[in-house]
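As a plain string of letters, each chain reads:
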Amino acid sequence: KHRGHVSVVSRPGFTCFQVSLPLNFAAVDSAAQPIVTVDKGDDALMQRVMESARTIAVVGFSSRPDRPAHAVPAYLQRKGYRIIPVNPNLDEALGERAYPDLLAVPEPVDVVQIFRRSEDVPPVVEQAIQIGAKVIWMQEGIINEGAADRARRAGLDVVMDTCMRVTHQRLFGKDSSSPSWR
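Worth saying up front: this structure is predicted, and the values here are computed from it rather than measured.

A.B. asks: Got a minute to help me understand unusual backbone geometry in this structure?
C.D. replies: Across residues other than glycine, the phi torsion is negative in most instances, and most of the peptide bonds are trans. A positive phi angle, near 55 degrees, is found at Leu94, a position not held by glycine. Along the polypeptide, Leu94 turns up in the loop between strand 5 (92–93) and strand 6 (96–97). Its identity is not glycine, yet Asp161 carries a phi of approximately 55 degrees, on the positive side. Its location among the elements puts Asp161 in the loop between strand 9 (157–159) and helix 6 (164–172).

Listed below in structure tokens is the structure:
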């Protein structure tokens, strides 16, 4: 159908498959290229989230201080946010009880901050919807458009592929406590 071919070279300890498909460069050049955009959230949304949020559940919290999944929530805690670590391998972190998943968290959560691989985001979003969270914040490098769409359809705000610490520092300054309710 594609007018390609498959070849294989094999000998003990080595096997190589080669798949060749012809490419019609004229068709590629004339076709409209897809535009890929990632909604990272706008400054007004992110500022509103950071000014109204009090409790942040951190899914994928790391016990290692050198990891962003520890350093970012530690920074936010120093700025006055209540941090709830969510990691099934931890009992406690940053002086707070840790929970195995969002469904185990016994109090309301404003923001669900995600430090998990992009493909692991959909079940986190489903749990965030179940617990009534207001915001999904996928940390820098984490992108899942399908999960983001699901969260938006459920009424949650979404920030994707954006570091919460960097955004806080940019919007409020490195040395400031914020927001104003603190």
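Having seen the structure, we can now continue with the description.
A.B. asks: What exactly am I supposed to notice about the pairing of strand 2 (residues 14–20) here?
C.D. replies: Consecutive side chains along a regular strand alternate between the two faces of the sheet. Across 7 bridges, strand 1 (residues 5–11) lies against strand 2 in antiparallel orientation. Across the sheet, Val6 pairs through a bridge with Val19, a residue of strand 2. Where strand 1 folds back on strand 2, the antiparallel hairpin that results is connected by 2 residues, among which Gly13 adopts a positive phi of roughly 85 degrees.

A.B. asks: Can you help me understand the environment of Met138 in this one?
C.D. replies: Within the secondary structure, Met138 sits in strand 8 (residues 135–138). Residue class for Met138 comes out buried when judged on its relative accessible area of 0%. Note: C-alpha distance between Met138 and Met164 (26 residues apart in sequence) is 8.8 Å. When sequence neighbours within four positions are dropped, the list of residues in contact with Met138 reads Ile114, Val121, Ile143, Asn144, Ala148, Val158, Val159, Met160, Asp161 and Thr162.

A.B. asks: I keep staring at the environment of Pro106 and nothing clicks. Help me out?
C.D. replies: For Pro106, the position within the fold is in the loop between strand 6 and strand 7 (111–114). Sequence separation between Pro106 and Ile131 is 25 residues, and the spatial gap between their C-alpha atoms is 9.4 Å.

A.B. asks: I would appreciate a short explanation of the packing of helix 3 (residues 68–78) against helix 6 in the present structure.
C.D. replies: The relative placement of two packed helices is expressed as an angle between their axes plus a distance between the axes. Running from amino to carboxyl end, helix 3 crosses helix 6 at an angle of 35 degrees, the nearest separation of the two axes being 9 Å. In this structure, helix 3 uses Ala71, Val72, Tyr75 and Leu76 to contact helix 6, whose residues at the interface are Met164, Arg165, His168 and Gln169. A breakdown of the residues in the contact of helix 3 with helix 6 according to their chemical character gives 5 nonpolar, 2 polar and 1 charged.

A.B. asks: I keep staring at the side chain of Asn144 and nothing clicks. Help me out?
C.D. replies: Here Asn144 lies in the loop between strand 8 and helix 5 (145–153). Looking at Asn144, its side chain comes within polar contact range of the main-chain nitrogen of Ala147, at 2.8 Å. The contacts of Asn144, once residues within four sequence positions are left out, are Ser118, Glu119, Val121, Pro122, Met138 and Met160.

A.B. asks: Whenever I open this one, the confidence of the model for the protein confuses me. Can you help?
C.D. replies: The predicted structure's coordinates, where accompanied by low pLDDT, should not be read in detail. Mean pLDDT over the protein: 86, with 84% of residues reaching 70 or higher. Note on residues 33–37: pLDDT under 50 across the span, and 2 contacts to partners over four residues away in sequence or across chains.

A.B. asks: Even after reading the chapter, I still don't get the packing of helix 2 (residues 43–52) against helix 6, so can you show me in this structure?
C.D. replies: Taken N-terminus to C-terminus, the directions of helix 2 and helix 6 make an angle of 95 degrees; their axes are 11 Å apart at the nearest point. Put simply, helix 2 runs roughly perpendicular to helix 6. When helix 2 is examined against helix 6, the residues Asp43, Met46, Gln47, Met50 and Glu51 are found in contact with a partner set consisting of Met164, Thr167, His168, Arg170, Leu171 and Phe172. Tallied by class, residues from the contact of helix 2 with helix 6 come to 5 nonpolar, 3 polar and 3 charged.

A.B. asks: Looking at this model, I keep getting lost on the sheet that holds strand 8. Mind explaining?
C.D. replies: In sheet architecture, strand pairing relies on hydrogen bonds along the backbone and comes in two forms, parallel and antiparallel. Ordered in space as 4-3-7-8-9, the 5 strands form an open sheet in which the pairing is parallel. Here the strands that pair on one side only, and so sit at the sheet edges, are strand 4 (82–86) and strand 9. Averaged over all pairs of adjacent strands, the angle between their axes in this sheet comes to 20 degrees, without regard to strand direction. Bridge count for strand 3 (residues 55–59) against strand 7 is 4 bridges, and the pairing is parallel. Within the sheet, the bridge partner assigned to Val59 lies in strand 7 and is Ile114.

Conventions and cut-offs
- Residues numbered from 1 in each chain as written.
- Predicted model: local features only at pLDDT ≥ 70, side-chain atom pairs only at ≥ 80, totals over all residues.
- Heavy atoms only, no water.
- Helix = DSSP H or I, 4+ residues; strand = E, 2+ residues; numbered from the N terminus.
- Pairing = 2+ DSSP bridges.
- Buried < 20%, exposed > 50% of the residue type's maximum accessible area, 1.4 Å probe, protein only.
- Contact = heavy atoms within 4.5 Å.
- Axes fitted to C-alpha atoms, helices over the stretch in contact; angles between N-to-C directions.
- Nonpolar A, V, L, I, M, F, W, Y, C, P; charged D, E, K, R; others polar.
- Polar contact = N/O pair within 3.5 Å; in protein donor to acceptor, adjacent residues only side chain to side chain.
- pLDDT = per-residue confidence, 0-100.
- Parallel < 35°, antiparallel > 145°, perpendicular 65-115°, else oblique.

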